[in-house]
Each structure stands twice: as C-alpha cells, then as structure tokens.
Amino acid sequence: MSKNTTVNCPNCKEVFKVDDSVYTDIVKQVRDQQFNDDLKNRLAIAEKEKQSAIELTESRIKISFQDLLNKKDKEISALEFKSKSELVDEVSKKDKEISDLESKLANAETLKKLALSEALKQVEKKNDQLENDLKSKDTEKELLEKSLNEKFNDKLNHKDESLRLKNEEIERLKDYKQKLSTKMTGETLELHCENEFNKLRATAFQKAHFEKDNDASAGTKGDYIYKESDTNDNEIISIMFEMKNENDQTASKKKNEDFFAKLDKDRKAKGCEYAVLVSMLEADNEFYNTGIVDVSYKYDKMYVIRPQFFIPIITLLRNAGMKSLQYKAELNIMRNQNVDITNFEDKINDFKTGFARNYDLASRQFGEAIKEIDKIMTHLQKTKDALLASVNNLRLANNKADDLTIKKLSHGNATMKEKFNDLN
C-alpha cells in the first residue's frame with residue numbers, strides 16, 4: 001500500500017501530500033537534470049580553458065617568431081652597406097643562422113606541439129577530475145538521497161509501529177479492563193486482592209497478617225488490614241486497605257477522593273501507619289492510571305492504586321518499613337545509652353547530695369565537738385592557771401620557810417630567845 005509524503009512548496013509555502021512513487025520520480029528527475037546541467041557547465045568551462053591555453057601558446061610562439069624575423073630584417077638591412085666579400089661571408093653566416101633559426105623554429109614548433117599536448121593533457125586531466133568529482137558528487141547525492149529516504153521510511157515505519165503498539169496497548173488495556181471488570185463483578189475486588197496476596201503468602205509474606213477488618217467499634221471499618229513484625233515482635237509495617245470497584249453500587253458515580261476522609265479515620269482508629277485505596281473508580285482519569293499515586297498532600301501516608309499495583313505497594317512500603325525499623329533500633333540503642341548516662345549522672349547527683357548532707361551533719365557535729373573541746377580547754381586553762389597560782393604560792397611559802405630562822409623567830413621575843421638559849 002502506497003504512503004503519502006508531505007511536501008512544502010518553496011515558493012508559495014503551501015503544504016500538500018504526494019504519493020511515495022510520485023515523490024521518488026520527482027526526486028529522480030531533479031537529480032538527473034541537476035547532474036546533466038552540472039556536467040554541461042563543467043565541460044563548457046573545461047573547453048574554454050582548453051581553448052584559452054591553445055590561444056595563449058600560439059600567441060607566445062607568434063610573438064617570439066615575429067621578434068626573430070624583425071631582428072633578421074634589421075641585420076639584412078645592415079649587411080647591404082658592407083662589402084661583397086663580407087656580404088658573402090655574412091650571407092653564409094646568415095644562411096647558417098637562418099638554418100639554425102629554421103632548426104630552432106622547427107624545435108619551437110615541436111615545443112609548441114609538446115606544450116599544446118601538455119596543455120591538452122592538463123585540460124583532459126582536469127576534465128577527468130571534474131567528471132570524477134561529478135561522479136563522486138552524484139554518488140554522494142545518491143547516498144544522501146538514499147539515506148534521507150531510509151530515514152524518512154524509518155520514521156514512517158517507526159510511526160506506524162508506534163501507532164500499532166499504541167493500538168495494541170489500547171486493545172490490551174480494554175481487554176484487560178473488560179476481563180478485570182468481569183472478574184471483579186464475579187468475585188469482588190476484595191476477594192481478588194486476597195487471592196493475589198495468598199499466592200505469595202507462603203513465599204514472600206510468611207510473617208505477615210492480611211485479614212479483613214471486622215472491628216466496627218469505632219463506627220466504621222476498613223476492608224483489610226496488613227501487619228508484619230520481625231522475629232522480636234517489632235512492628236515493621238501496618239496498612240489499612242480500602243477496595244472500591246466501579247461496578248459496586250455503593251461506589252457508583254463517585255470519585256476516589258470521596259473515600260479519603262473515611263479511610264484516614266479508619267487508619268488512625270486501628271493504629272495503622274499507612275492507608276491505601278485500591279480503586280477501579282475514575283477509569284479514564286490519567287492521574288490515577290500512572291501507577292502508585294501519593295495523595296499524602298491531602299491525608300498523611302495515603303496512596304491510591306489500581307489492582308495491578310496491590311502487591312508492589314505492599315513490597316515498597318514493607319522495604320521502607322524494614323529500613324525504618326533499622327533506624328528505630330539504632331535510635332533505641334542510642335536512647336538506652338542516653339538513659340544509662342542519665343542514670344549514672346543521677347547516681348552521681350544522689351551521691352553528691354548524700355555526701356553533702358552527711359558532710360554538713362559531720363561538719364556541724366565537728367563544730368560542736370570543737371566548741372566542747374574549746375570549753376574543756378578553757379576550763380583546763382583555768383585549772384592550769386589555778387594550779388600555777390598554787391605552785392607560786394607554795395614557792396613563796398617554801399621561800400618563806402627557807403628564810404625562817406631561830407634568830408628571826410626569837411627576834412623581839414625575849415621569852416623565846418631565852419628558851420632557845422637554854423636549849424643551846
């Protein structure tokens with residue numbers, strides 16, 4: 001089947017379409033005409049150059065020959081005034097010179113022919129070069145034309161292939177949508193997601209729990225809750241799922257965002273970290289058909305997906321949760337280290353407080369003891385002073401006793417003096 005090619009008129013700028021076969025004929029005609037015109041122009045130029053070279057060579061030879069003839073005519077005129085013998089000699093010489101000149105002329109003619117032949121060779125060489133250049137240009141032109149045609153055909157084929165792939169993708173999506181809608185109508189979107197999860201439960205989700213939310217104590221409930229913990233029972237991830245099918249009567253003619261508020265409330269009520277709306281609503285909305293849609297700009301940690309992204313969203317959020325759990329573990333270690341440091345500081349502070357209290361008590365008791373010692377020392381000092389005073393009195397008494405004599409005792413006492421004298 002022929003294809004149409006868009007052509008722009010260089011004069012009127014009008015855009016029109018021509019058949020590929022017509023386009024090829026036009027290109028070929030333009031190419032042949034250009035080649036013939038170019039070849040004629042180059043041959044005409046070569047012929048002009050050839051003729052110019054011949055004329056230039058002939059002109060140079062004629063001028064040289066004419067100069068020689070003029071010179072000989074002058075010499076002959078000069079010889080007419082010389083003697084006969086001299087004239088004979090001169091004639092002989094001139095004959096010889098003429099012979100030489102004829103020989104030279106013959107050589108000049110030969111040189112002329114050689115020069116002409118060389119000039120012709122140069123012209124022919126240039127013509128050959130021009131022909132080769134023309135052939136090369138023609139080959140390049142043909143290659144360029146071929147390349148442009150190939151690129152043009154490739155673009156057309158690529159365009160056709162892209163169009164075919166798009167049509168196939170549209171048909172595939174329509175078929176997928178029809179099958180999926182039919183499947184969803186028969187088994188419900190919730191059961192479909194549960195079956196998809198159960199296919200991988202034994203291999204990829206061994207420690208995960210994916211069950212229906214049956215707790216309506218808060219007034220509402222979601223459809224499914226996904227939770228997963230590590231070997232130490234630390235929660236890795238928790239997701240509240242809500243499923244909405246375009247064939248559900250409750251979701252008829254509604255938008256995805258009509259369910260955001262309820263889903264966010266259910267997530268918070270059940271203590272889940274994330275909220276995911278698995279939706280078949282707004283099937284023609286490209287915003288929700290691009291893949292995993294983050295709507296956390298309206299509600300925190302909330303996503304909207306199509307059913308085919310049910311398993312990928314779990315995997316994506318679980319990987320992020322495991323990384324977050326690692327950071328949490330490292331944070332707990334740092335927090336415990338900080339608690340140990342805080343307890344150590346508290347113990348030091350308690351020791352400082354107890355030591356200060358005990359030191360204060362001991363200091364006061366020591367002060368009291370010092371005071372008592374000072375009192376005792378004051379009392380002892382008084383006793384010491386009293387004893388020192390007694391010793392002094394005893395010394396005085398001793399001195400007085402040492403100074404006591406019979407003469408002093410009997411001085412002024414005649415009776416005692418008489419008695420002592422009697423004893424003597």
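Everything numeric in this text was worked out from a predicted model, so none of it was measured.

In terms of helices and strands, the chain carries eight helices and eight strands. In the chain, which comprises 424 residues, the share counted as buried stands at 21%. Long-range contacts, defined as pairs at least 24 residues apart, comprise 57% of the intrachain contacts of the chain with a sequence gap of at least 6.

With respect to the helices, strands and loops of the structure, A46 is situated in helix α1 (residues 20-79). Looking at A46, the relative accessible area reads 2%, which means it is buried. Each C-alpha atom, one on A46 and one on E124, is 8.2 Å from the other, the two residues being 78 residues apart in sequence. Once residues within four sequence positions are removed from consideration, A46 is found in contact with V123, N127 and L130.

This part takes up the nonpolar core. Within the largest apolar cluster, 25 residues are counted, with the highest numbers of intra-cluster contacts made by Y226, F241, M243, V276, V278 and F310. Elements that contribute at least two residues to this core include exactly α3 (189-204), β3 (208-212), β4 (224-229), β5 (235-244), β6 (274-279), β8 (302-305) and α6 (310-403). Element by element, the count of residues in this core is highest for α6, at six residues. F241 has contacts with F210, G222, D223, Y224, Y226, L263, V276, V278, F310, I313 and I314, leaving out every residue within four places of it along the chain. If you look at the next biggest cluster of nonpolar residues, it comprises 12 residues, including C272, Y288, V293 and V304.

What follows deals with unusual backbone geometry. Positive phi, normally seen in glycine, also occurs at E282, with a value near 50 degrees. For K301, which is not glycine, the phi torsion reads 55 degrees and is therefore positive. Following the sequence through the fold, K301 ends up in the loop between β7 (293-294) and β8. Residue class for K301 comes out partly exposed when judged on its relative accessible area of 30%.

Attention shifts here to α3. A rise of 1.5 Å per residue sets the reference length of α3, with its 16 residues, at 22 Å; its end C-alpha atoms lie 22 Å apart and thus fit the reference within 8%. Along α3, the largest kink reaches about 30 degrees and is centred on N198. For α3, the full list of buried residues reads L189, E190, H192, C193 and F197.

A few words on the confidence of the model for the chain. Looking at the chain as a whole, its pLDDT mean stands at 76, while 73% of the residues score no less than 70. Low confidence marks residues 181-186, where pLDDT is under 50. Its contacts with residues over four positions away, or in another chain, come to 11 contacts.

Reading the values: rules and limits
Per chain, residue numbering runs from 1 following the sequence as it is written. Totals for whole chains, interfaces and linings use all residues, but because this is a predicted model, local features are given only for residues with pLDDT of at least 70 and pairs of side-chain atoms are given and counted only at 80 or more. In computing side-chain values, all of the structure's heavy atoms are included and hydrogens and water are not. Only runs of H or I of at least four residues qualify as helices and only runs of E of at least two qualify as strands under DSSP, and these elements are numbered from the N terminus. The buried label applies to any residue whose accessible area, calculated with a 1.4 Å probe on protein chains only, is under 20% of its type's maximum; exposed applies above 50%, and partly exposed to all values in between. Should any heavy atoms of two residues lie within 4.5 Å, those residues are considered in contact. Note on terminology: a nonpolar core comprises buried Ala, Val, Leu, Ile, Met, Phe, Trp, Tyr and Cys residues joined through side-chain atoms within 4.5 Å. To estimate the expected span of a helix, subtract one from its residue number and multiply by 1.5 Å. Bend is the name given here to the angle between axes fitted to two runs of seven residues, the run ending at a residue and the run starting at it. Each residue carries a pLDDT score, the predictor's confidence in it, ranging from 0 to 100.

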